[in-house]
Each structure stands twice: as structure tokens, then as C-alpha cells.
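Descriptive analysis of the structure
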Amino acid sequence: MKSFHSFRLDAINHCLWRGEERVSLGPKAFDLLRYLVDHANRVVSQDEILEALWSKSYVNPELVKKYILGIRKVLR
């Protein structure tokens, strides 16, 4: 389990927690957040994200921005 600020990211159970409250996050948004948390020590490019999370299919880069905006709202 990874912790950052007041959050805990439970990769095994695919859950995000703020204190004792479970925070709703869709599967791909969770995967993106997990990837960013796992690589928090460096800048991660949009191309790297697309390759890491959607390597087997075409995804419009705007979708990554949409997920990041959703994650930001959840994290406040």
C-alpha cells in the first residue's frame, strides 16, 4: 500500500482511501494514479502513460487529460 498526503493507494484491492473513507475512482483512473504514484520521483510524459496503460490499443491523448482532471477532482 502506498501513502501520499492523506491518501492510501491499495493496489491489491484496487482502492483509494482518504483517511477511513473509500474514494470512488474508475479502473483506468485508478491505474493512471497508481502509475503516477509509482513514478512520483520523476516527470512522466503523456506518451509514456499511453504506452504503459494502453499499449495494445489506440487511445486519444485527450482521454489522458480527462482522467487526470478526474483524479485532481478526487484528490482536491
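Structure: see above.
The structure reproduced in this document is the subject of the present report. (Residues numbered from 1 in each chain as written. Predicted model: local features only at pLDDT ≥ 70, side-chain atom pairs only at ≥ 80, totals over all residues. Heavy atoms only, no water.)

**Quick look at the overall build of the protein chain**
When you go through the protein chain residue by residue, the secondary structure sums to three helices and four strands. Seen in sequence order, the protein chain has helices and strands lined up from the N terminus as β-β-β-β-α-α-α. Computed over the C-alpha atoms, the radius of gyration of the protein chain is 12 Å, within 12% of the 11 Å expected from 2.2 N^0.38 for a compact globule of 76 residues. If you line up the protein chain on its principal axes, its C-alpha atoms span 35 × 25 × 20 Å. Among the 76 residues that make up the protein chain, the fraction classed as buried is 32%. Considering only intrachain contacts with a sequence separation of at least 6, the fraction spanning at least 24 residues in the protein chain is 33%. Here the protein chain has roughly 5400 Å² of accessible surface; of this, 53% comes from carbon and sulfur atoms. Computed over 13 positive and 9 negative side-chain charges, the separation of the two mean positions in the protein chain equals 4 Å. (Helix = DSSP H or I, 4+ residues; strand = E, 2+ residues; numbered from the N terminus. Rg over C-alpha atoms; globule rule 2.2 N^0.38 Å. Buried < 20%, exposed > 50% of the residue type's maximum accessible area, 1.4 Å probe, protein only. Contact = heavy atoms within 4.5 Å. Areas by Shrake-Rupley, 256 points an atom, 1.4 Å probe, with all protein chains shown as cover. Lys, Arg positive; Asp, Glu negative; His and termini not counted. Charge placed at Lys NZ, Arg CZ, Asp CG, Glu CD.)

**Let's talk about the pairing of strand E2 (residues 7-10)**
The pairing of strand E1 (residues 2-4) with E2 spans three bridges and is classified as antiparallel. What sits directly across from Ser3, in E2, is Arg8. Direction of pairing for E2 relative to strand E3 (residues 15-18): antiparallel, over a ladder of four bridges. Paired with Arg8 across the two strands is Trp17, which belongs to E3. (Pairing = 2+ DSSP bridges.)

**Here's the deal with the side chain of Asp10**
Tracing the sequence through the fold places Asp10 in strand E2. Despite its burial, Asp10 pairs with no opposite charge, the nearest such side chain being Arg8 at 7.2 Å. Engagement of the side chain of Asp10 in a polar contact is seen with the backbone nitrogen of Ile12, the distance being 3.2 Å. With residues up to four places along the chain from it excluded, the contact list for Asp10 reads Met1, Cys15, Trp17 and Phe30. (Salt bridge = Lys/Arg side-chain N within 4 Å of Asp/Glu carboxyl O. Polar contact = N/O pair within 3.5 Å; in protein donor to acceptor, adjacent residues only side chain to side chain.)

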